[in-house]
Amino acid sequence: MFLHSCNAKKGIAQRNIIYKITSLQFMSTATQEPKPLSANEPLKADSRHLRGQIAEELADTSNGAVTEGTGQLTKFHGLYLQDDRDLRVALKKAGKEKAFSFMLRVRLPGGKATPHQWLVLDKLAGDVSSPSLRLTTRQTFQFHGVLKGNVKPLIKGMHKVLLDSIAACGDVNRNVMAPPNPECSAAAQQVYDHAKAWSEFALPKTRAYHEIYLDEELVAGGEPENEPMYGDTYLPRKFKTGFVLPPSNDVDIFSQDLGYIAIVEHGKLVGYNVTVGGGLGMSHGNAETFPRLADVLGFIAPDQVNNVGEAVLTTQRDFGDRTNRKHARLKYTIQDRGIEWFKGEVEKRSGVTFAPARPFSFSTIQDPFGWHACADGNWFYGLHILSGRIVDKEGWPMKTALREIAEIHTGDFRLTPSQNLTISGVTPDMKPRIEAILAKHGLDKENERSGLRLNALSCVALPTCGLALAESERILPEVLEKFEAVLDENGLRHDAISIRITGCPNGCARPYLGEIGFVGKAPSKYALYLGARYDGTRLNRLFSPSTTIDNAVEMLRPIIKRYALERSESEGFGDFCDRVVLPADATFHSVGTPAAA
Ligand code: SRM
Ligand code: SF4
């Protein structure tokens, strides 16, 4: 039996014991109804702090995979077992094993990497994985196609440049997001520092990762380890934190479980408005699951970030639903119990009383592309990378160009929440040299790209994602070309319109916050959503439950035309759709309200 007590460290007594986990059931104090735990709960409990049989199964060279249970545990170390779905049918016909490999996700708070780290990752991609590096919607790198025998060499290679993949996935606080251009103001630098500090603070304490992949001396079986914040069963589900610096809402703060909106007054960071309960994943046809935008809890001082974060995390640890993984995210805990109850619990645990939220407003989500001067005399370059895929292609040698830049760059790289890259801290001396590399490889064309393209996101989907129902990254170029033709017809080429596509309803490219959102349903079939607010403060709504891309283009052609002719001054495409196109009786989803998607 496991007991989670609330934050004893802060003097909160055992009366706050919320639930008891046995290997069989979860006792909710709300309903007093015992329900069976989800299969992951005993797995975590029995894993000896995330060790399980991982070391033994990775060492077994008789096959390319690991068992289902072990695959659930490797996620906590940033590793997903996948197989090449393009090859599935042929291999099955030939009676062969699936083409298994691992995806590895790096932990990279705020998306910051040094040129030296870049060069090492660039080399590892190809030496021990497939050649591409993939920038994600949470500002980190993914390697795909890592064969079982290459897992340890990859992790050891990253370790040499102080990078790891601990807690990049799994039921823990994931990669923490932060604005990608910190050196441009003192406040931005502080926000980055707070994000990094929270990421470190909320790391699991187990040494399992170091033992398994880095051959550190064994702890398991010796002195018992302590997981003071997580306990032996970690969180009920994944948990995501973002920091944002208005007026840009680049991190889509209202989609995060926990969010910190920086409040800057007279050029000084005075604190944060805290948001809780955002999350986007849902399942088609399951009305119990829905995307939800976060609620604003109130204002705190900068030195209360970790304290409040811990209280939010442990409240979810103790009250989140461990019986149903489709109902286990913080958004459902808050939806079921109410935001006032949640706020009270967080205040009690943290000892912090929230002040009223301070005013803030967002105006954009788009990354700043091209060259920008910073207050410190340096420059940064915002580079557009479609779907975050860094690979050399005929006439498009992105990987080579970035390697050449990393070889001479004296600043750093920042991965953005929109799968793009900022080359930052570029000194005036270095600027012409980096400019020349970009020009030589034809990568300095940000000004020529359409507003739609610069605001497009897609998830990975096929062939690596085991959950994909339809294409996403691979079909994005075609989708963009088709819509760009319609936008050109209507003089809208340079209007910033956000378009997001995913291969399934899990929401990895945050499609429910796109002014145009495509969500894969089946091969070549997508649910089409319209009407999100461009700044990420209102979800979109279902426009067509199932359509092909070509049909969608035809459905949207007259709407885009009307938008060009009838929009009110500075009205975004999402706002226009919400006002004019979507049915008047549909629910309006704004910040803090759930979507009945
Ligand atoms: Fe995601 C699962 C890729 C951001 C919601 N996501 C997956 C997996 C690991 C599939 C799996 O479980 O087997 C995908 C791996 C594909 C592959 O081959 O690489 C995957 N998610 C991604 C990335 C790489 C998309 C991208 O193209 O950039 C993003 C990696 C982020 C990172 O660096 O940590 C990614 N995923 C997101 C986001 C967006 C965000 O966090 O800002 C969401 C929606 C926000 C949210 O969490 O509510 C998201 N991913 C999910 C879900 C649904 C969770 C839910 O609450 O229902 C799953 C499935 C699951 O957890 O069961 C999932
Ligand atoms: Fe895979 Fe679905 Fe996420 Fe796309 S949205 S990467 S298809 S889980």
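This is a predicted model, so every value here is computed, not measured. (Residues numbered from 1 in each chain as written. Chains lettered and ligands numbered in written order. Predicted model: local features only at pLDDT ≥ 70, side-chain atom pairs only at ≥ 80, totals over all residues. Heavy atoms only, no water.)

All right, on to the coordination of the iron atom of ligand 1 then. A lone protein donor binds the iron atom of ligand 1: Cys508 (SG), at 2.3 Å. Its place among the elements puts Cys508 in the loop between strand 22 (499-502) and strand 23 (516-522). (Donors = N, O, S within 2.8 Å, 3.2 Å for Na, K, Ca; no water. Helix = DSSP H or I, 4+ residues; strand = E, 2+ residues; numbered from the N terminus.)

The next thing to look at is the site of ligand 1. Near ligand 1, the surroundings consist of 29 residues, among which Thr136, Leu280, Thr464, Cys508 and Arg510 are the closest. At 3.0 Å, a side-chain N or O of Arg138 approaches an oxygen atom of ligand 1. The set of elements that each furnish at least two residues to the shell around ligand 1 consists of strand 5 (79-83), strand 6 (100-105) and strand 9 (141-146). Per-class residue counts for the shell around ligand 1 are eight nonpolar, 13 polar and eight charged. (Near = heavy atom within 4 Å. Polar contact = N/O pair within 3.5 Å; in protein donor to acceptor, adjacent residues only side chain to side chain. Nonpolar A, V, L, I, M, F, W, Y, C, P; charged D, E, K, R; others polar.)

Our focus in this paragraph is the nonpolar core. Counting 91 residues, the largest nonpolar core has Phe141, Phe143, Met158 and Phe243 as the members making the most contacts within it. In this structure, Phe141 is in contact with Leu104, Arg105, Val106, Leu108, Ala113, Trp118, Leu121, Leu133, Arg134, Leu135, Thr136 and Leu415, ignoring residues within four places of it in sequence. By size, the runner-up hydrophobic cluster in this structure holds 30 residues, among which are Phe483, Leu487, Leu492 and Ile497. (Core = buried A, V, L, I, M, F, W, Y, C linked by side-chain atoms within 4.5 Å. Buried < 20%, exposed > 50% of the residue type's maximum accessible area, 1.4 Å probe, protein only. Contact = heavy atoms within 4.5 Å.)

Below, the discussion takes up the packing of aromatic side chains. Inspection of every chain in the model, using the stated rule, returns 22 aromatic pairs. Centroid distance Trp341 to Phe342: 6.1 Å. Interplanar angle 55°. Geometry classified as tilted. Above the plane of the ring of Trp341 lies Arg337, whose end atom (NZ or CZ) is 5.1 Å from the centre. When the ring centre of Tyr563 is taken as reference, the NZ or CZ atom of Arg567 above it lies at 4.7 Å. (Phe/Tyr/Trp six-rings, centres within 6.5 Å; stacked < 30°, edge-to-face > 60°. Lys NZ or Arg CZ within 6 Å of the ring centre and 35° of its normal.)

Taken across its six residues, strand 20 (residues 421-426) has six buried, putting it largely inside the fold. Note: strand 19 (residues 412-415) against strand 20, four bridges, orientation antiparallel. Bridge pairing in strand 20 links Arg414 to Thr422. Between strand 19 and the antiparallel strand that follows it, strand 20, lie five residues; Gln419 among them carries a positive phi value of about 70°. (Pairing = 2+ DSSP bridges.)

A word on the sheet that holds strand 16 (residues 389-390). If you trace the five strands from one edge of the open sheet to the other, you get 5-6-9-8-16, paired in antiparallel fashion. The sheet is open, and its two borders are formed by strand 5 and strand 16, each paired with just one other strand. Sheet topology note: the strand 8 (residues 133-135)/strand 16 ladder contains two bridges and is antiparallel. Each residue of the ladder has a partner; that of Arg134, found in strand 16, is Arg389. Together, strand 8, strand 9 and strand 16 form the strand contacts of helix 5 (residues 115-127), whose direction differs from that of strand 9 by roughly 20°. (Axes fitted to C-alpha atoms, helices over the stretch in contact; angles between N-to-C directions.)

Attention shifts here to the pairing of strand 9. The element strand 9 is extensively covered by neighbouring structure, given that five of its six residues are classed as buried. Two elements, strand 6 and strand 9, share three bridges in a ladder whose sense is antiparallel. Bridge pairing in strand 9 places Arg105 opposite Gln142. Across two bridges, strand 8 lies against strand 9 in antiparallel orientation. By the bridge assignment for strand 9, Leu135 is matched with Phe141.

Time to look at the site of ligand 2. In the neighbourhood of ligand 2, the contacting residues comprise Cys459, Ala461, Cys465, Leu467, Ala468, Thr502, Gly503, Cys504, Asn506, Gly507 and Cys508. Among the residues making up the shell around ligand 2, the classes are represented as seven nonpolar, four polar and no charged.

Another aspect to go through is the sheet that holds strand 10 (residues 241-244). With mixed pairing, the four strands of this open sheet are ordered in space as 10-11-12-13. Of all strands in the sheet, those bounded by a partner on one side alone are strand 10 and strand 13 (295-300). Across the sheet, the axes of successive neighbouring strands diverge by a mean angle of 25°, strand direction being ignored. Here strand 10 runs beside strand 11 (residues 258-265); their pairing, made up of four bridges, is parallel. Paired with Val244 across the strands is Ile261, a residue of strand 11.

Attention now moves to the confidence of the model for the protein chain. Mean pLDDT over the protein chain stands at 91; residues scoring 70 or higher make up 91%. A low-confidence stretch, residues 1-24 (pLDDT under 50), is modelled with 64 contacts involving residues beyond four sequence positions or located in other chains. Under a pLDDT of 50 for its full length, residues 588-597 has, in the predicted model, 35 contacts with residues more than four places off or in other chains. (pLDDT = per-residue confidence, 0-100.)

In this section: the environment of His77. Considering the arrangement of structural elements, one finds His77 in the loop between helix 3 (68-74) and strand 5. Distance from His77 to Ala208, taken between C-alpha atoms, is 8.8 Å for residues 131 residues apart in sequence. With near-sequence residues (within four places) excluded, His77 lies in contact with Leu50, Ile54, Ser165, Ala208, Tyr209, Ile212 and Tyr213. Separated by 3.4 Å, the side chain of His77 and the backbone oxygen of Leu50 make a polar contact.

To continue, consider the pattern of salt bridges. Applying the stated criterion to the full structure yields 44 salt bridges. We note a salt bridge from Lys123 to Asp127, for which the minimum N-O separation is 2.5 Å. Placement of the pair is Lys123 and Asp127 together in helix 5, with a separation of four residues, close to one helical turn. The partner of Asp575 in a salt bridge is Arg533, and the shortest N-O contact between them spans 3.7 Å. One end of the pair, Asp575, is in helix 17 (residues 573-581); the other, Arg533, is in the loop between strand 24 (525-530) and strand 25 (541-547), and 42 residues separate them in sequence. Residue class for Asp575 comes out partly exposed when judged on its relative accessible area of 25%. One connected set of salt bridges, linked through shared partners, spans Glu41, Lys44, Asp171, Arg322 and Arg325. (Salt bridge = Lys/Arg side-chain N within 4 Å of Asp/Glu carboxyl O.)

In this section: helix 16 (residues 549-566). In a regular helix each residue adds 1.5 Å, so 18 residues correspond to 26 Å; helix 16 covers 25 Å between its end C-alpha atoms and thus fits that length. Along helix 16, the residues classified as buried are Ile549, Ala552, Val553, Leu556, Ile559, Ile560 and Tyr563. The inward-facing, buried residues of helix 16 contact helix 15 (476-489), strand 22, strand 23, strand 24, strand 25 and helix 17. (Expected span 1.5 Å × (residues − 1).)

The next subject is the packing of helix 7 (residues 186-201) against helix 9 (residues 305-319). Look at helix 7 against helix 9: their axes get within 10 Å of each other, and the N-to-C directions meet at 45°. Here helix 7 lies oblique to helix 9, going by the angle between them. Two packed elements cross with a definite hand, and for helix 7 against helix 9 that hand is right-handed. Here helix 7 contributes Ala197, Trp198 and Phe201 to the contact with helix 9, which in turn contributes Val305, Asn306, Gly309, Glu310 and Leu313. Across the contact of helix 7 with helix 9, the residue classes break down as five nonpolar, two polar and one charged. (Parallel < 35°, antiparallel > 145°, perpendicular 65-115°, else oblique. Left-handed = near helix turned anticlockwise from the far one by under 90°.)

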